[in-house]
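Next come the chains, spelled out residue by residue.
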Amino acid sequence: WGASGHQTVGYVAMQFLSPKALEFVQTSLGSTYSHSLGPAATWADEVRSQSAYSWSSVLHYVDAEDDPPDSCSVEESRDCADGRCILTAIANYTSRVVDTSLSDTQRQEALKFLDHFVGDIGQPLHVEARAVGGNTISVQCNGATTNLHALWDSGMINRLLPGTYNNSVTNWANTLVNRIKSGPYSSLAESWISCSSTTEPARRSVEDDMLALLHPRADGTLACPLVWARDSNLLDCSTVFDYTTGEDLCTSSYYTRNIPLIETQIAKQGFRLAAWLNVLFDGVTSLP
Ligand code: ADE
Ligand code: ZN
Ligand code: ZN
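What counts as what
- Residues numbered from 1 in each chain as written.
- Chains lettered and ligands numbered in written order.
- Predicted model: local features only at pLDDT ≥ 70, side-chain atom pairs only at ≥ 80, totals over all residues.
- Helix = DSSP H or I, 4+ residues; strand = E, 2+ residues; numbered from the N terminus.
- Buried ≥ 20, exposed ≤ 12 C-beta atoms within 10 Å, placed from the backbone.
- Contact = placed C-beta atoms within 7 Å.
- Arc of directions from axis to C-beta.
- Pairing = 2+ DSSP bridges.
- Expected span 1.5 Å × (residues − 1).
- Bend = angle between axes of the 7 residues up to and from the residue.
- Core = buried A, V, L, I, M, F, W, Y, C linked by C-beta atoms within 7 Å.
- pLDDT = per-residue confidence, 0-100.
- Axes fitted to C-alpha atoms, helices over the stretch in contact; angles between N-to-C directions.
- Parallel < 35°, antiparallel > 145°, perpendicular 65-115°, else oblique.
- Left-handed = near helix turned anticlockwise from the far one by under 90°.

Caption draft 1: Inspection of the overall build of the protein chain at higher detail. Counting secondary structure elements, the protein chain contains 14 helices and two strands. Going through the 288 residues of the protein chain one by one, you find that 47% of them count as buried. Sequence separation of 24 or more characterises 70% of the internal contacts of the protein chain that already satisfy a separation of 6 or more.

Below, the structure written as structure tokens:
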């Protein structure tokens, strides 16, 4: 996602943190980030282009070598064979954020990476190898030429925010939080953090993942990030690549069909980030 998508994921998560998770987040981020996951969520994109952090660039995505729209799938052994992708990044920074042998600075960095990568794994084109995650597919948005990846990162969001949310990511986040607490997302929120999967029957919840992290399985993988990745990747088969060449994707049915899905993905990842930190710091999965 672009800056607005990431910040909104962070602002949504802030409103679902349990007491110890909130305490850690506020203390760790400090006044530099206004004690909030919202402003801290874009740090990983800011350092990605710096030579000191160029190693982190590949951690923002997983190149699922599937064939959308005909078939979608994510396999960690196939798509993250060298162990350097968003799936392993989430596992690594999950263990580092609670590692008391690390410095405060190292744990803050782990938190900022988690804040960002839990957002990115909800972007369908960050879980897709086709056309380098859509980066090499030229499309039109509001009369301007962009690419399919950027359209999903920020093009459609930049069209949504001014008219609907007064160009404010905190307004957007508050609306998504209300939809989770009492609106159209409330019946779905529990399923968003269950990590249930027909192909991963051994582990079914964020708590199961934390147990798995403390007592790793033979293959050392985590269930939840893989479930989140497959959830996003399915959209590559159902809607992302479904358009007519030449149509303006920000003023056509493509926009009206997909903008509700983008809003859901942002809300989902914010809620998942909070649930993840809550299990790490308080051992709870329920709403505060
Ligand atoms: N580079 C290669 N694949 C990518 C993807 N899926 N998303 C972003 N950048 C990429
Ligand atoms: Zn992107
Ligand atoms: Zn990113």
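Caption draft 2: Representation of helix H2 (residues 19-29). When H2 is considered as a whole, its buried residues turn out to be Ala21, Leu22, Phe24, Val25 and Leu29. Along the axis of H2, the buried positions cluster into a sector of 165°, meaning they face one direction only. For H2, the exposed residues lying more than 90 degrees away from the buried face are Pro19 and Thr27. Gly30 occupies a position one or two residues after H2 and carries a positive phi of about 65°.

Caption draft 3: Region of interest: the pairing of strand E1 (residues 138-141). The side-chain alternation of E1 yields one buried face, formed by Val139 and Cys141, and one unburied face, formed by Ser138 and Gln140. In the sheet, E1 pairs with strand E2 (residues 144-147) via four bridges, with the strands oriented antiparallel. In the strand pairing of E2, Cys141 is matched with Ala144. Connecting the antiparallel pair E1 and E2 is a turn made up of two residues, with Asn142 showing a positive phi of about 55°.

Caption draft 4: Here's a closer look at helix H9 (residues 148-165). For H9, spanning 18 residues, the distance from its first C-alpha to its last is 24 Å, which sits close to the expected 26 Å at 1.5 Å a residue. Where H9 bends most, the angle comes to about 40°, and this point is Ser154. The complete set of buried residues in H9 reads Leu148, His149, Leu151, Trp152, Asp153, Gly155, Met156 and Ile157. Those residues of H9 that are buried lie in contact with helix H1 (3-14), helix H8 (131-134), E1, E2 and helix H14 (253-282). Once H9 ends, the next one or two residues include Asn166, with phi positive near 55°.

Caption draft 5: Spotlight on the nonpolar core. Judged by nonpolar contacts, the single largest core of 82 residues is most densely connected at Val62, Ile86 and Ile90. No other element matches H14, which puts 12 residues into this core.

Caption draft 6: Structural context of unusual backbone geometry. That bond from Pro68 to Pro69 is cis: its omega, 5°, falls within 30 degrees of zero. Among the secondary structure elements, Pro69 is positioned in the loop between helix H4 (43-48) and helix H5 (76-79). Positive phi, normally seen in glycine, also occurs at His35, with a value near 55°. In this structure, His35 sits in the loop between H2 and helix H3 (37-40).

Caption draft 7: Main features of the confidence of the model for the protein chain. When pLDDT is averaged along the protein chain, the result is 94; 94% of the residues meet or exceed 70. Reported for the predicted complex are a pTM of 0.95 and an ipTM of 0.93.

Caption draft 8: Structural context of the environment of Glu65. Inspection of the secondary structure assignment puts Glu65 in the loop between H4 and H5. On the basis of neighbour count, Glu65 is assigned to the partly exposed category, with 14 C-beta atoms found within 10 Å. C-alpha of Glu65 to C-alpha of Cys80: the two residues are 15 residues apart in sequence and 9.9 Å apart in space. The residues contacting Glu65, other than those within four sequence positions of it, are Arg78, Asp79 and Ala129.

Caption draft 9: Structural context of the packing of H2 against helix H7 (residues 104-120). For the pair H2 and H7, interaxial distance at closest approach is 10 Å and the crossing angle is 115°. With respect to each other, H2 and H7 are oriented roughly perpendicular. Two packed elements cross with a definite hand, and for H2 against H7 that hand is left-handed. Contact residues: H2 offers Val25, Ser28 and Leu29, while H7 offers Asp104, Arg107, Gln108 and Leu111.

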